[in-house]
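In case you want the letters, here they are:
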Amino acid sequence: MHLYEVLKRPLITEKVTLLGELPQKQYAFEVDSRANKMQIKQAVEQVFNVTVESVQVINVAAHRRRNPRSRAMGKKAKQVVRKAGWKKAIIKLAEGQRLDLFEGV
């Protein structure tokens, strides 16, 4: 797997923003579901030119919900839509380093 295929997008949420402000400097990314910790670490280090101290990986489960457009389209109200699961990685950087991608958000 190519390094640029490992990282899909940065996660910018209130919780992740607070993690980035801590002295540990932690950031979160949505990553490819086939990627492992070593591939994620190598990808972040090469793409952003930083030193990664640790990587935590979380598999976010798939969710089911009712389709909001099913009633408007005249279909059964019990139509269920499945939202696919995905993988999240929380990256902890070495002391004194940070990602400029997340600054000012």
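Worth saying up front: this structure is predicted, and the values here are computed from it rather than measured.

1. Quick look at the environment of Gly20
Within the secondary structure layout, Gly20 lies in helix H2 (residues 14–21). Accessibility expressed as a relative area gives 10% for Gly20, which makes it buried. Once the C-alpha coordinates of Gly20 and Arg98 are considered, the two residues, 78 residues apart in sequence, prove to be 8.3 Å apart. Not counting the four nearest positions on each side in its chain, Gly20 is found in contact with Lys25, Gln26 and Tyr27.

2. Digging into the pattern of salt bridges
Within the structure shown, the criterion is met by 3 salt bridges. The salt bridge involving Arg9 is made with Glu30; its shortest N-O contact spans 2.6 Å. One end of the pair, Arg9, is in strand E1 (residues 7–10); the other, Glu30, is in strand E2 (residues 26–31), with 21 residues separating them in the sequence.

3. Quick word on the packing of aromatic side chains
Enumeration over the complete set of coordinates arrives at 1 aromatic pair. An angle of 35 degrees between the planes, with centres 5.8 Å apart, marks the rings of Phe29 and Phe48 as tilted. With a gap of 19 residues between them, Phe29 in strand E2 and Phe48 in helix H3 (residues 37–48) connect regions that are remote in the sequence.

4. Some thoughts on the sheet that holds strand E6 (residues 86–93)
Spatially, the 4 strands line up as an open sheet ordered E1-E2-E6-E3, and their pairing is antiparallel. Looking along the sheet, the strands with just one partner apiece sit at the ends: E1 and strand E3 (52–60). The mean inter-strand angle of the sheet, taken between neighbouring strand axes irrespective of direction, is 30 degrees. When E2 meets E6, the two strands line up antiparallel, connected through 6 bridges. When the bridges of E6 are listed, Tyr27 appears paired with Ile91. With respect to the sheet, H3 is in contact with E1, E2, E3 and E6, its orientation differing from that of E3 by roughly 125 degrees.

5. Brief notes about the pairing of E2
Each regular strand carries side chains that alternate between the two faces of the sheet. Counted residue by residue, E2 has 6 buried out of 6 residues, so it is predominantly covered. The side-chain alternation of E2 yields two buried faces, one formed by Gln26, Ala28 and Glu30 and the other by Tyr27, Phe29 and Val31.

6. Overview of the nonpolar core
Judged by nonpolar contacts, the single largest core of 16 residues is most densely connected at Phe29, Ile40, Val44, Ile91 and Leu93. Going through the elements one at a time, E2, H3, E3 and E6 are the ones with two or more residues in this core.

Basis of the calculations
- Residues numbered from 1 in each chain as written.
- Predicted model: local features only at pLDDT ≥ 70, side-chain atom pairs only at ≥ 80, totals over all residues.
- Heavy atoms only, no water.
- Helix = DSSP H or I, 4+ residues; strand = E, 2+ residues; numbered from the N terminus.
- Buried < 20%, exposed > 50% of the residue type's maximum accessible area, 1.4 Å probe, protein only.
- Contact = heavy atoms within 4.5 Å.
- Salt bridge = Lys/Arg side-chain N within 4 Å of Asp/Glu carboxyl O.
- Phe/Tyr/Trp six-rings, centres within 6.5 Å; stacked < 30°, edge-to-face > 60°.
- Pairing = 2+ DSSP bridges.
- Axes fitted to C-alpha atoms, helices over the stretch in contact; angles between N-to-C directions.
- Core = buried A, V, L, I, M, F, W, Y, C linked by side-chain atoms within 4.5 Å.

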